[in-house]
Amino acid sequence: MSDKRLIYLDNNATTPTDPRVVDAMLPYFYQNPGNAASRNHPFGWVAEEAVDYAREQIANLIHVDSKEIIFTSGATESDNLAIKGVFEMYARKGNHIITLKTEHKAVLDACKKVEKMGGEVTYLDVDREGLVNLDELEAAITDKTILVSIMWANNETGVIQPMKEIGAICEKHGVLFMSDATQVVGKIPVNPKEVGVHLMAFTSHKMYGPKGVGALFVNRKNPRVKVTAQIDGGGHERGMRSGTLNVPGIVGFGKAAELSAKEMEEDNARLSKLRDKLETALMNNLEEVYINGSKEHRMPHVTNLSFKHVEGEGLMMTFNQNIAVSSGSACTSASLEPSYVLKALGLGDDLAHSSIRFSLGRFTKEEDVDYTIEALTKGVSHMRDLSPIWEMYKEGVDIDAIEWSAH
Ligand SMILES: *Cc1c(COP(=O)(O)O)cnc(C)c1O
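Residues numbered from 1 in each chain as written. Predicted model: local features only at pLDDT ≥ 70, side-chain atom pairs only at ≥ 80, totals over all residues. Heavy atoms only, no water.

Novice: Mind laying out the environment of Gly74, listing which residues take part and the relevant values?
Specialist: By the secondary structure assignment, Gly74 is in the loop between strand 2 (69-72) and helix 3 (75-89). The class for Gly74 is buried, based on a relative accessible area of 7%. As for Gly74 and Met299, which are separated by 225 residues in sequence, their C-alpha atoms are 21 Å apart. (Helix = DSSP H or I, 4+ residues; strand = E, 2+ residues; numbered from the N terminus. Buried < 20%, exposed > 50% of the residue type's maximum accessible area, 1.4 Å probe, protein only.)

Written out as structure tokens, the structure reads:
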């Protein structure tokens, strides 16, 4: 292939910053350099006004009060602030947290830390589709439970959890409900109050804004929720998160929120068609391709596919890595462990190793998808042609039985 163009289908890892976002940010580097906490001169006032405006844009996107938005450095920090912050703040009420095995590492590792600090954490299984079992969730709640933390949609599979039903269970038992909504805010309509979410983490760089800025929504009324600060300093962000605000970043985050609110419907209509085209073509062109996770409860721009008897990392080499996709998740692909998310869905090591996540975005073009269909079809066919296991499989040998006994 002499064609060296690069195609970006890894929008769940991060999105390109929309040029309109960059334009909105530029005046806040040099022309308006103020610190939003400088109350005694115009530079500070201009910065504070810009931050207030962005806070409104973000609050409008998720239908909350702007006072309920706490700015952070990203979703990792927001997850940590929510989980550790609730654990400390509500220590007198209890020490038990419930979460899912398929959560992002930012949630799982914060929970591990809570366990070290004397907390108890229940990690719930998911079903074959990647969905929580509501009966198991309710049964796990005890009188020591203070928090349920369940992600809105999964980063690897795009599977969307039944938020309203989870919210109702939390409400019935008087337990706080936190959600890592990083993969949904700015992508599909999200309204935490409507589904009973009290704390919600999200980030700018997954919705066409800049990296290094995120937010935690903290419900202020019925119930009034508080979290113990994890970073102490000047008492910024209503005492919950100290540190000089990243003014250009926040301005960009706000602009990204405004654009998403206006454009998500159109983006999604286009992207779901492209996603379906990609999925259908690959499944028609190739044998033994499986979709991982619920087809019905899924984000419109994501598909996670397993190509049986083809190793994902090897497959990526066949197209010279000029198509950016993800095998496993970006956060775990440094190791060659198969994805813990896919394993939690019940996939064996072989299918988990043969998985690729395609995540489309606002700047994905139809010709990118067409090119990808062609490159993947060729790549998978090529690898299977070279594979003795595939040959045996085609001859009718029960490969799974052989691989099993070889372990
Ligand atoms: C990307 C991601 C995060 C981490 O967000 P950062 O802003 O990069 O820290 C957390 N949770 C989920 C579900 C994500 O997809």
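Novice: Please set out the site of the ligand residue by residue, giving values where relevant.
Specialist: Taken together, 13 residues sit near the ligand, with Thr76, Asp180, Gln183, Thr203 and Lys206 positioned nearest. In the model, an oxygen atom of the ligand is placed 2.9 Å from a nitrogen or oxygen of the Ala75 main chain. Of all the elements, helix 3 adds the most residues to the shell around the ligand, at three residues. For the shell around the ligand, a count of residues per class yields two nonpolar, eight polar and three charged. (Near = heavy atom within 4 Å. Polar contact = N/O pair within 3.5 Å; in protein donor to acceptor, adjacent residues only side chain to side chain. Nonpolar A, V, L, I, M, F, W, Y, C, P; charged D, E, K, R; others polar.)

Novice: Quick one: what's the story with the pattern of salt bridges, residue by residue and with numbers?
Specialist: A complete count under the given rule lists 22 salt bridges for this structure. The salt bridge involving Arg357 is made with Asp10; its shortest N-O contact spans 2.9 Å. One end of the pair, Arg357, is in strand 12 (residues 355-359); the other, Asp10, is in the loop between strand 1 (7-8) and helix 1 (19-25), with 347 residues separating them in the sequence. According to the relative accessible area criterion, Arg357 is buried, its value standing at 2%. By relative accessible area, Asp10 is classed as buried at 11%. (Salt bridge = Lys/Arg side-chain N within 4 Å of Asp/Glu carboxyl O.)

Novice: So, the domain arrangement of the protein chain: which residues are in play, and what are the values?
Specialist: By the assigned domains, the protein chain splits into domain 1 (7-14 + 264-401) and domain 2 (19-259). Distance between the C-alpha centres of domain 1 and domain 2: 30 Å. Counting residues at the interface gives 32 residues for domain 1, matched by 34 residues for domain 2. Interface area, domain 1 with domain 2, both sides summed: about 2800 Å², of which 56% is carbon and sulfur. Interface area lost by domain 1 to domain 2 is led by Met264, Met299 and Arg362, which between them contribute 24%. The interface formed by domain 1 and domain 2 contains zero salt bridges. Viewed at the interface, domain 2 and domain 1 are joined by 14 residue pairs in polar contact (both at pLDDT 80 or more). Among the elements of the structure, helix 8 (247-285), strand 10 (302-307) and helix 10 (340-344) are those that each provide at least two residues to the side of domain 1 that touches domain 2. (Domains from an automatic or database assignment. Contact = heavy atoms within 4.5 Å. Buried area = accessible area lost by both parts, 1.4 Å probe.)

Novice: An account of the packing of aromatic side chains is requested, with residue identities and associated values reported.
Specialist: Enumeration over the complete set of coordinates arrives at four aromatic pairs. Residues Trp390 and Tyr393 carry aromatic rings whose centres are separated by 5.0 Å and whose planes lie at 35 degrees to one another, so their mutual orientation is tilted. Here Trp390 and its partner Tyr393 are both found in helix 13 (residues 388-394), three residues apart, which amounts to about one turn of the helix. Trp390 sits in the buried class, given a relative accessible area of 9%. With a relative accessible area of 24%, Tyr393 lands in the partly exposed category. The rings of Phe71, Phe202 and Phe253 are connected pair by pair, giving a single aromatic cluster. Over the aromatic face of Tyr340 sits the side chain of Lys105, whose NZ or CZ is 4.5 Å from the ring centroid. One residue, Arg384, lies across the ring of Trp390, its end atom 4.0 Å from the ring centre. (Phe/Tyr/Trp six-rings, centres within 6.5 Å; stacked < 30°, edge-to-face > 60°. Lys NZ or Arg CZ within 6 Å of the ring centre and 35° of its normal.)

Novice: Describe the sheet that holds strand 3 (residues 96-100), with residues and values.
Specialist: Backbone-to-backbone hydrogen bonds join strands into a sheet, with any given pair of strands oriented parallel or antiparallel. Judged by pairing direction, the sheet is mixed, and its seven strands sit side by side in the order 2-8-7-6-5-3-4 without closing on themselves. Where the open sheet ends on each side, the last strands, each with one partner, are strand 2 and strand 4 (120-124). Each strand of the sheet is rotated relative to its neighbour by a mean of 20 degrees, with strand direction disregarded. Pairing of strand 6 (residues 176-180) with strand 7 (residues 199-203), which is carried by three bridges, proceeds in the parallel orientation. Across the sheet, residue Asp180 finds its bridge partner in strand 7, namely Ala201. Contacting strand 2, strand 7 and strand 8 (214-218), helix 2 (residues 42-62) crosses the sheet at an angle of about 115 degrees to strand 2. Across the sheet, helix 3 is in contact with strand 2, strand 3, strand 5 (145-149), strand 6, strand 7 and strand 8; its angle to strand 7 comes to roughly 160 degrees. (Pairing = 2+ DSSP bridges. Axes fitted to C-alpha atoms, helices over the stretch in contact; angles between N-to-C directions.)

Novice: Describe the packing of helix 8 against helix 12 (residues 366-385), and please don't skip the residues or the numbers.
Specialist: Interaxial distance between helix 8 and helix 12 falls to 10 Å at its minimum, and their mutual angle equals 20 degrees. The orientation of helix 8 relative to helix 12 falls into the category roughly parallel. In this structure, helix 8 crosses over helix 12, and the sense of that crossing is right-handed. Contact residues: helix 8 offers Leu274, Lys277, Leu278, Ala281, Leu282 and Asn285, while helix 12 offers Glu366, Val369, Asp370, Thr372, Ile373, Leu376 and Thr377. (Parallel < 35°, antiparallel > 145°, perpendicular 65-115°, else oblique. Left-handed = near helix turned anticlockwise from the far one by under 90°.)

Novice: A description of the nonpolar core should follow, citing residues and the corresponding values.
Specialist: Note on soluble globular proteins: their nonpolar side chains tend to be buried together. If you look at the biggest cluster of nonpolar residues, it comprises 64 residues, and the most contacted ones within it are Ile62, Trp152, Met200 and Phe202. When residues are assigned to domains, this core turns out to be shared by domain 1 (7-14 + 264-401) and domain 2 (19-259), each giving three or more. Of all hydrophobic cores here, the second largest spans 27 residues; its members include Ile7, Leu282, Phe307 and Phe319. (Core = buried A, V, L, I, M, F, W, Y, C linked by side-chain atoms within 4.5 Å.)

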